[in-house]
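# Coordinate analysis (summary)
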Amino acid sequence: MSASRITGRLRRLNKTQKLSAAGVSAVAAAALSLSLVPGHAAETETEPQALSAAPVIFDSAGSKQAKTIQDSVIEQHSTAEKLVKAADAAKAKKAAAVKEKAEAKAKKAKLKKAKAKAHAKAKARKAAASRGHQAAGRSSARTHLFANNLDGWIKESLSIMKAKGIPGTYEGLHRNIIRESSGNPNAINDWDINAINGVPSIGLLQIIKPTFDYYHVAGTPHTQYDPVANITASANYAADKYGSIDNVNSAY
């Protein structure tokens, strides 16, 4: 085939492609024009309008090009949808992670609070148990050191008197106790002047309540009937009035 014939064919092909493109453009423009015409335009027009456009020619090359454009548009739309879905998924994942982190933090704080509460309770129980053991130990020591009889009462009173700086001896206490009550912690004098005045002498060393209240020694029970409280209060009174219980040899 000669070069002039090839050149002619190429010119005819380019012309055909241009006509096809022009036709597609014309159809698109016409469709756009029709969509912009108001609905009542057909009623007001009295004469048909001539539509001048180049003839539309479709060939295989034009169809292929149009399909390629359509496929490209579809692909772009699909890609955009995928991007939107991916963004939504990422956002949801991030929100879920934030929520999970917050829940974990709240759970950790709750667990820490529960542990602190349990520790405080255990500490309180331990302290209470320790106090109980200490009290039991003191009671046991007292029972072991001092018998619950006259001898034990005098000895326990002497230990308190020594700690408080109250003078007196075992002999002086025992001698006065035997004279006053014969060693009976519940003895009551109901006939002397004190009894007539309504404040009878009570206990091992026969002390009246006003005197007992005034000379009561802290750390002992506040009752005249308690043997140790009675002895220490009476010894405290005797020390103030006579220098010591040892100096008392009669009613005081």
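Rules behind the numbers
- Residues numbered from 1 in each chain as written.
- Predicted model: local features only at pLDDT ≥ 70, side-chain atom pairs only at ≥ 80, totals over all residues.
- Heavy atoms only, no water.
- Axes fitted to C-alpha atoms, helices over the stretch in contact; angles between N-to-C directions.
- Helix = DSSP H or I, 4+ residues; strand = E, 2+ residues; numbered from the N terminus.
- Parallel < 35°, antiparallel > 145°, perpendicular 65-115°, else oblique.
- Left-handed = near helix turned anticlockwise from the far one by under 90°.
- Contact = heavy atoms within 4.5 Å.
- Buried < 20%, exposed > 50% of the residue type's maximum accessible area, 1.4 Å probe, protein only.
- Patch = residues over 30% accessible without salt bridge, like charges linked within 9 Å, V, L, I, M, F, W, Y side chains within 5 Å.
- Areas by Shrake-Rupley, 256 points an atom, 1.4 Å probe, with all protein chains shown as cover.
- Salt bridge = Lys/Arg side-chain N within 4 Å of Asp/Glu carboxyl O.
- Lys, Arg positive; Asp, Glu negative; His and termini not counted.
- Charge placed at Lys NZ, Arg CZ, Asp CG, Glu CD.

What follows is about the packing of helix 4 (residues 150-164) against helix 5 (residues 170-181). Here helix 4 crosses helix 5 at 130°, and the two axes come no closer than 10 Å. With respect to helix 5, the element helix 4 is oriented oblique. Regarding helix 4 and helix 5, the two cross each other, and that crossing is right-handed. The residues of helix 5 that touch helix 4, namely those facing Leu150, Asp151, Ile154, Lys155, Leu158 and Met161, are Tyr170, Leu173, His174, Ile177 and Ile178.

On to the environment of Pro185. In this structure, Pro185 sits in the loop between helix 5 and strand 1 (188-189). According to the relative accessible area criterion, Pro185 is buried, its value standing at 16%. For the pair Pro185 and Val228, spaced 43 residues apart in sequence, the C-alpha separation works out to 9.4 Å. Not counting chain neighbours up to four residues away, the residues in contact with Pro185 comprise Trp153, Gly203, Leu204, Tyr225 and Pro227.

What follows is about a positive patch on the surface. A cluster of basic residues, Lys113, Lys117, Lys121 and Arg125, forms a positive patch at the surface. With respect to the helices, strands and loops of the structure, Lys117 is situated in helix 3 (residues 60-145). Owing to a relative accessible area of 55%, Lys117 belongs among the exposed residues under this scheme.

Let us now look at the pattern of salt bridges. Following the criterion strictly, the structure yields four salt bridges and no others. One salt bridge in this structure joins Asp213 and Lys209, with 2.9 Å as the shortest N-O distance. One end of the pair is Asp213 and the other is Lys209, both in helix 7 (residues 209-215) and four residues apart, which spans about a single turn. Overall, the relative accessible area of 44% leaves Lys209 in the partly exposed class.

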